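Spelled out, the chains give:
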Amino acid sequence: MKSYRNVPPLAGICSPQDALREGLPVDECVRRLKRYHYAFKRLHQTFTARIPAEPIYELKMAFSLHAHLCAEHVGDLRKRVGEMREPPLGLDVVPEPSLEIFFDEILSAPTTEELLLGLYARAIQALQAALQEHMAATNPVVDQPSVRVCRLALLELADIAAFGSQTITALGLNPPSAQQSEWLRLLDDALAAAGGLDGTKDRAAATLTRYYSAKPLQFNFVPRRDQRFADPFNMGVNAEAFIYNPDYPPDAKVLMMFFKRLREIDVPEMMASIIVETKGKPWEYYRAMSRQLWDEARHALMGEVGFASLGVDWTKAQVNFSFSYALNTMLTPLERHGVLYFIEQGLMPKAGKRFEYELAQAARNPISMLCQDYDWADEVLHAHIGREWYVADFKNAAEAKNFGDQSWSKMFWNYSKWADEGLTQHRNWWPDVYLEYCRQTGIKPDEKVLAYHETYETTRADLKEVTGSA
Ligand SMILES: [Fe+2]
Ligand SMILES: [Fe+2]
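Residues numbered from 1 in each chain as written. Chains lettered and ligands numbered in written order. Predicted model: local features only at pLDDT ≥ 70, side-chain atom pairs only at ≥ 80, totals over all residues.

## Focus: the overall build of the chain
The secondary structure content of the chain amounts to 19 helices and zero strands. Since a compact globule built from 470 residues should have a radius of gyration of about 23 Å, the 25 Å found for the chain is in line with a globular shape. Seen through its principal axes, the chain has C-alpha atoms that stretch 80 × 60 × 50 Å. Relative to its full complement of 470 residues, the chain shows a buried share of 44%. (Helix = DSSP H or I, 4+ residues; strand = E, 2+ residues; numbered from the N terminus. Rg over C-alpha atoms; globule rule 2.2 N^0.38 Å. Buried ≥ 20, exposed ≤ 12 C-beta atoms within 10 Å, placed from the backbone.)

## So, the domain arrangement of the chain
In terms of domain boundaries, the chain breaks down into domain 1 (19–193) and domain 2 (239–450). Each of domain 1 and domain 2 has a C-alpha centre, and the two are 32 Å apart. Residue-level contacts link 18 residues of domain 1 with 19 residues of domain 2. Elements with a minimum of two residues in the side of domain 1 that touches domain 2: helix H2 (26–49) and helix H3 (57–84). Here the side of domain 1 that touches domain 2 is built from residues that sort into nine nonpolar, six polar and three charged. (Domains from an automatic or database assignment. Contact = placed C-beta atoms within 7 Å. Nonpolar A, V, L, I, M, F, W, Y, C, P; charged D, E, K, R; others polar.)

## Focus on the nonpolar core
Counting 112 residues, the largest nonpolar core has Leu 127 and Leu 255 as the members making the most contacts within it. Two domains each put at least three residues into this core: domain 1 (19–193) and domain 2 (239–450). (Core = buried A, V, L, I, M, F, W, Y, C linked by C-beta atoms within 7 Å.)

## Structural notes on the packing of helix H13 (residues 333–347) against helix H15 (residues 366–389)
Interhelical geometry of H13 versus H15 gives an angle of 135 degrees and a closest axis separation of 10 Å. Our classification of the angle between H13 and H15 gives oblique. H15 is crossed by H13, and the crossing has left-handed handedness. Along the contact surface, H13 presents Tyr 341, Glu 344, Gln 345 and Leu 347, while H15 presents Glu 379, His 382, Ala 383 and Gly 386. Split by residue class, the contact of H13 with H15 holds three nonpolar, three polar and two charged. (Axes fitted to C-alpha atoms, helices over the stretch in contact; angles between N-to-C directions. Parallel < 35°, antiparallel > 145°, perpendicular 65-115°, else oblique. Left-handed = near helix turned anticlockwise from the far one by under 90°.)

## Points about the environment of Ile 243
Looking at where Ile 243 falls in the secondary structure, it is placed in helix H8 (residues 239–243). For Ile 243, a count of 20 C-beta atoms within 10 Å gives the class buried. For the pair Ile 243 and Glu 356, spaced 113 residues apart in sequence, the C-alpha separation works out to 8.6 Å.

## Overview of the packing of H3 against helix H6 (residues 144–170)
Packing of H3 against H6 brings their axes to within 10 Å, and their N-to-C directions diverge by 165 degrees. As the angle between them shows, H3 and H6 are arranged roughly antiparallel. Handedness of the H3/H6 crossing: left-handed. In contact with Ala 62, His 66, Leu 69, His 73, Asp 76, Leu 77, Arg 80 and Glu 83 of H3, H6 contributes Pro 145, Ser 146, Val 149, Ala 153, Glu 156, Ile 160 and Phe 163. Partitioned by chemical class, the residues of the contact of H3 with H6 number eight nonpolar, three polar and four charged.

## Quick notes on helix H4 (residues 97–107)
Within H4, burial applies to Leu 99, Ile 101, Phe 102, Phe 103, Glu 105, Ile 106 and Leu 107. Of the surrounding secondary structure, the elements contacted by the buried residues of H4 are H2, helix H5 (112–137) and helix H7 (178–193).

## Some details on helix H11 (residues 283–310)
Relative to the 40 Å expected for 28 residues at 1.5 Å per residue, H11 spans 41 Å between its end C-alpha atoms, a close match to the ideal helical length. Backbone geometry just after H11 places Gly 311 at a positive phi near 70 degrees. (Expected span 1.5 Å × (residues − 1).)

## Here we look at unusual backbone geometry
Excluding glycine, most residues fall at negative phi; most peptide bonds, likewise, are trans. The residue after Pro 87, namely Pro 88, is reached through a cis peptide bond having omega 0 degrees. By the secondary structure assignment, Pro 88 is in the loop between H3 and H4. At the junction of Asn 174 and Pro 175, the peptide bond is cis and its omega measures out at 5 degrees in the coordinates. Counting through the fold element by element, Pro 175 comes out in the loop between H6 and H7. One non-glycine residue, Leu 10, lies in the positive phi region at around 55 degrees. Tracing the backbone through its elements, the reader meets Leu 10 in the segment before helix H1 (16–19).

Structure (structure tokens):
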């Protein structure tokens with residue numbers, strides 16, 4: 001193959017030698033792509049389902065990102081299969097029973113440690129190996145669109161794997177315990193019985209006995225947090241009532257706004273339950289909702305960064321889970337989505353995201369400005385997702401909004417109930433946080449700000465009676 005004055009031939013894809021590679025017939029290519037698709041789908045489901053009850057904050061955030069990335073690759077793989085085959089594409093078929101056992105076991109892992117080992121030390125690695133193998137086997141010219149899907153997926157899988165292996169080391173899971181190793185052997189056997197994740201190896205004859213997935217799976221959407229969240233039912237500091245009160249200075253409001261952002265941990269916790277419990281939607285629904293879930297996790301990260309920028313220890317603020325707790329334990333998935341939509345509709349007018357951005361501007365806080373700028377932009381997308389995937393189930397937008405409002409009222413805030421049950425005393429933590437901020441930034445505490453003590457007992461987060469985040 002001779003090219004014009006040594007300009008790279010074949011669009012620069014590969015060498016002429018590689019272009020002569022025997023490659024994979026379309027049938028085989030599609031068969032394999034469907035297995036990667038299945039793996040990404042199960043990973044997406046597992047990362048999502050484990051967000052609420054996973055106590056470790058950093059893992060909640062990482063699961064939110066990894067679920068979003070997996071959802072994107074599911075979408076790409078579906079599209080690629082659809083390019084090569086007419087419907088029905090058979091993308092909802094389980095490609096192999098032992099592969100199902102492999103993923104069911106990981107989804108059902110009872111502890112964080114086993115979950116991490118199953119996900120990052122087995123499933124992600126197996127998927128990486130399969131995609132690399134696909135790229136090595138297929139003809140890079142004739143199957144370039146599939147190669148592209150695999151390459152982009154591998155790029156992000158490498159990030160996911162790096163996070164996983166660092167976490168496994170950090171938590172002392174390398175090497176795993178004897179009991180963990182025994183369970184990991186079941187995963188290995190399941191994969192071997194499936195001929196590997198891509199089904200290209202000889203199938204090992206094995207009798208697989210389900211272990212953690214022997215009982216029907218019961219999802220646990222009751223939120224949990226690690227020790228840094230000492231008082232998760234605390235509703236003793238009303239962030240909105242402070243921010244919207246013109247009597248307080250912008251700098252203290254920015255501090256409160258960083259709390260509001262960090263508190264958004266509760267949105268992924270509640271959205272995860274909607275995504276997992278809502279069945280039978282087009283993939284685009286799960287993709288869009290998972291993107292939004294990750295955005296809300298990013299908003300929490302913005303809050304964490306904000307606290308760090310001021311040198312204030314965020315664990316002094318009581319970052320509660322009262323919102324996700326109440327939603328996940330008291331409402332149906334559609335009602336939860338209704339509440340989310342209702343809150344987000346309230347964030348679009350002047351009093352919402354624009355107000356928060358202008359507040360950051362007034363305080364001349366560059367980190368807060370940047371965060372609020374993007375938070376506002378994200379909200380535009382979320383309002384769109386709400387219209388497309390929530391409102392569509394109702395006669396019109398007004399009815400959809402009304403349903404959300406009613407769902408919110410139905411849940412009422414349990415302020416006194418949680419106090420009566422001894423779950424919290426709704427302690428006012430604001431003075432501690434504000435004083436630390438003053439110390440760190442060398443400013444004299446404002447007596448009025450220091451004395452702030454409005455709770456969520458009677459005022460909702462949209463300041464209508466009793467409040468939320470999105
Ligand atoms: Fe948000
Ligand atoms: Fe949002």
